[in-house]
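Structural characterization, general
One letter stands for each residue in the lines below.
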Amino acid sequence: LETILNFESNILNNIGSISSIIGIVISLVTIIINIVILSKVNNIKKSFVRKIRYNEILKDIKTKTSKLSKIVFSFEDNKENIREVFSEIKAILKSINSKEKDKDLDELKELIISKLVSITTLTQFKSEEIYNDLIEFQSMLEQKIKDMKWEDNE
Amino acid sequence: MNKERKLINFITELIKKTISKEIVWEKIETPSYLSNGTESIVSLCFRTKYNKKDFILFERKYQQYSFDFDTLYWTNEFKLGILEDDIVIWENTENISNIKDLYNQVQEKVSGIDDILDNL
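So, how was this worked out
- Residues numbered from 1 in each chain as written.
- Chains lettered and ligands numbered in written order.
- Predicted model: local features only at pLDDT ≥ 70, side-chain atom pairs only at ≥ 80, totals over all residues.
- Heavy atoms only, no water.
- Patch = residues over 30% accessible without salt bridge, like charges linked within 9 Å, V, L, I, M, F, W, Y side chains within 5 Å.
- Areas by Shrake-Rupley, 256 points an atom, 1.4 Å probe, with all protein chains shown as cover.
- Salt bridge = Lys/Arg side-chain N within 4 Å of Asp/Glu carboxyl O.
- Helix = DSSP H or I, 4+ residues; strand = E, 2+ residues; numbered from the N terminus.
- Buried < 20%, exposed > 50% of the residue type's maximum accessible area, 1.4 Å probe, protein only.
- Core = buried A, V, L, I, M, F, W, Y, C linked by side-chain atoms within 4.5 Å.
- Contact = heavy atoms within 4.5 Å.
- Phe/Tyr/Trp six-rings, centres within 6.5 Å; stacked < 30°, edge-to-face > 60°.
- Buried area = accessible area lost by both parts, 1.4 Å probe.
- Polar contact = N/O pair within 3.5 Å; in protein donor to acceptor, adjacent residues only side chain to side chain.
- Nonpolar A, V, L, I, M, F, W, Y, C, P; charged D, E, K, R; others polar.

Nonpolar side chains collect at one region of the surface, where Ile21, Val25, Val29, Ile33, Ile37 and Val41 of chain A lie side by side and expose about 510 Å² of accessible area between them. Relative to the helices and strands, Ile37 of chain A resides in helix 1 (residues 2-71).

So, in structure tokens, the structure goes:
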């Protein structure tokens, strides 16, 4: 009788151990799945915010370059207006968070800011050069936004 | 200097010469092959001669799919091309933002609105 009882006791102990192990494994798997889901959600959120921010910047830059295109080629009559638009553009570019990392875009942004900061005497040549830089920045940004649309859905 | 930047500089030159009337654009009938057989619309076309080449400028409207709203919507792009024997043998494939500025300037010049406003 004692042998039978010991045998049953062993079986019950084993079942208990196996149940504990299965419980631990299920908990670990659930934790891992949750971490993966949270990381995916975080990535989607980051991508969504980046897309909205880039669209905002593009809208602002487009407004300013369009204004600039109407005055930059008649330089002598519009010196003060050009200076004013440049100052607004400088503020927009400086507001772009460096966390939004796209190396080529970031480098061009820094180049334009440095040109705008270093202007002492505004010349027609310099103004047109900065206009071309801004068009390059705008074109690059438009392309990035187009690419992002496909990246998100691939 | 990359190709995009060279094109930007070239288009800026065209804008300057258009404003100073060094180059004159004319409105032409849209070549049918620009939209026939496609789902795009080209309603207005301009042409000029520059550096012994015939240039064409137009706005193409076409439908694009929106992933966010699961629907088709109309969008547009501005194109600069080179004509030979009335066929577009080249058009820009790069995304160049100041073509729109050129298009706006050409529209103003060809429409004659500048002259009307100057005579007020």
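There is more to say, and it comes next.
What follows deals with the environment of Leu7 of chain B. Note on placement: Leu7 of chain B falls in helix 1 (residues 3-19). In this structure Leu7 of chain B comes out as buried when scored by relative accessible area, which is 9%.

Judged by nonpolar contacts, the single largest core of 51 residues is most densely connected at Leu68, Leu93 and Phe137 of chain A together with Trp25, Leu57, Leu80 and Leu102 of chain B. It is helix 4 (residues 124-153) of chain A that provides the largest number of residues to this core, a total of eight residues. Setting aside its immediate chain neighbours within four residues, Leu57 of chain B contacts Trp25, Leu44, Cys45, Phe46, Lys79, Leu80, Ile99, Leu102, Tyr103 and Val106 of chain B. Counting residues in hydrophobic clusters, the runner-up holds eight residues, among them Leu34, Ile56, Phe58 and Val88 of chain B.

Geometrically, a pair of aromatic rings is defined through the distance of the ring centres and the angle of the planes. Residues and elements named next belong to chain B. One pass over the full model with this rule turns up six aromatic pairs over all chains. Summarising the aromatic geometry, the rings of Phe46 and Tyr103 are spaced 5.7 Å apart at their centres and angled 70 degrees between planes, so their arrangement reads as edge-to-face. With a gap of 57 residues between them, Phe46 in strand 2 (residues 41-50) and Tyr103 in helix 2 (residues 98-111) connect regions that are remote in the sequence. Side by side, Phe46 and Tyr103 carry an identical accessibility label, which is buried. Through pairs of rings, three or more aromatic residues link up here, namely Phe10, Tyr50 and Phe55.

As a further point, take the interface of chain A and chain B. Each partner contributes to the interface: chain A provides 20 residues, whereas chain B provides 19 residues. Roughly 1700 Å² is buried in total at the junction of chain A and chain B, and carbon and sulfur atoms are behind 47% of that figure. When the buried surface of chain A facing chain B is broken down by residue, Phe73, Asn132 and Lys149 of chain A rank first, second and third, together holding 31% of it. Counting the contacts that link chain A with chain B gives three salt bridges. Between Glu128 of chain A and Lys16 of chain B there is a salt bridge; the shortest N-O distance is 2.8 Å. Applying the counting rule to chain A against chain B returns eleven residue pairs in polar contact (both at pLDDT 80 or more). When contributions to the side of chain A that touches chain B are tallied by element, the ones reaching two or more residues are helix 1 and helix 4 of chain A. Within the side of chain A that touches chain B, the residues separate by chemical class into four nonpolar, eight polar and eight charged.

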